[in-house]
Amino acid sequence: QVQLVESGGGLVQPGGSLRLSCAASGSIFRIDAMSWYRQAPGKQRDLVASIISGGGTNYADSVKGRFTISRDNTKNTVYLQMNSLKPEDTAVYYCHCNVAQTRWGVTYGYWGQGTQVTVSS
């Protein structure tokens, strides 16, 4: 019913930039929080940044000042602008959205397919 399609990953050099996008589609009444997580091989999936419907944001300490999360509610899309990238940012990045499909329904969490970000010289 709801799918999240991510794009924008790739290979960049340290200090470079990437912009990730995640577009939600399907039966969507309302999207509350939208978030980006990342997972490196052998490590758990950790929260990178989140944004609520009103625009408030939260960032992991490791990316503060370098990453910016934003959303376009008219397009049901969340973005992650990543600047000053470091090798330790290398991971698969996953989009996550809390979606209410009906007015009276509860919200459920949905995951994107993941997009690889590799930072290497």
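Preceding block: the structure.
Now for a quick tour of the structure. (Residues numbered from 1 in each chain as written. Predicted model: local features only at pLDDT ≥ 70, side-chain atom pairs only at ≥ 80, totals over all residues. Heavy atoms only, no water.)

1. So, the state of the cysteines
Across all of its chains, the model carries one disulfide by this definition. Each sulfur of the disulfide joining Cys-22 and Cys-95 lies 2.2 Å from the other. Judged by the sign of its S-S torsion, about -85°, the cystine formed by Cys-22 and Cys-95 is left-handed. With Cys-22 in strand β3 (residues 18–26) and Cys-95 in strand β9 (residues 91–100), this pair connects stretches of sequence that are 73 residues apart. The class of Cys-95 is buried, set by a relative accessible area of 0%. (Disulfide = S-S within 2.5 Å. Helix = DSSP H or I, 4+ residues; strand = E, 2+ residues; numbered from the N terminus. Buried < 20%, exposed > 50% of the residue type's maximum accessible area, 1.4 Å probe, protein only.)

2. Observations regarding the environment of Lys-64
Residue placement: Lys-64 occurs in the loop between β6 (57–59) and β7 (67–72). Between the C-alpha atoms of Lys-64 and Gly-16, which are 48 residues apart in sequence, the distance is 16 Å.

3. A word on the nonpolar core
In this structure, Trp-36, Leu-80, Met-82 and Tyr-93 are the most contacted members of the largest nonpolar core, which totals 29 residues. Ranked by residue count, the leading element in this core is β9, at five residues. The residues touching Leu-80, leaving out its near neighbours within four places in the chain, are Leu-18, Arg-19, Leu-20, Trp-36, Val-48, Ala-49, Phe-67, Thr-68, Ile-69 and Tyr-93. (Core = buried A, V, L, I, M, F, W, Y, C linked by side-chain atoms within 4.5 Å. Contact = heavy atoms within 4.5 Å.)

4. A closer look at the pattern of salt bridges
Per the counting criterion, the structure on display carries four salt bridges. When the shortest N-O distance is used, the salt bridge between Lys-64 and Asp-61 registers 3.1 Å. Look at the salt bridges and you will find they share partners, linking Arg-38, Arg-66 and Asp-89 into a network. (Salt bridge = Lys/Arg side-chain N within 4 Å of Asp/Glu carboxyl O.)

5. So, the side chain of His-96
The topology assignment puts His-96 in strand β9. With residues up to four places along the chain from it excluded, the contact list for His-96 reads Leu-4, Ala-33, Met-34, Ser-35, Tyr-37, Gly-109, Tyr-110 and Trp-111.

6. Notes on the sheet that holds β7
With antiparallel pairing, the four strands of this open sheet are ordered in space as β1-β3-β8-β7. Strands with a single pairing partner mark the edges of an open sheet, and in this sheet they are β1 (2–7) and β7. Mean inter-strand twist for the sheet, computed between neighbouring axes without regard to direction, equals 15°. Here β1 pairs with β3 via six bridges, running antiparallel. Counterpart to Glu-6 in the pairing with β3 is Cys-22. (Pairing = 2+ DSSP bridges. Axes fitted to C-alpha atoms, helices over the stretch in contact; angles between N-to-C directions.)

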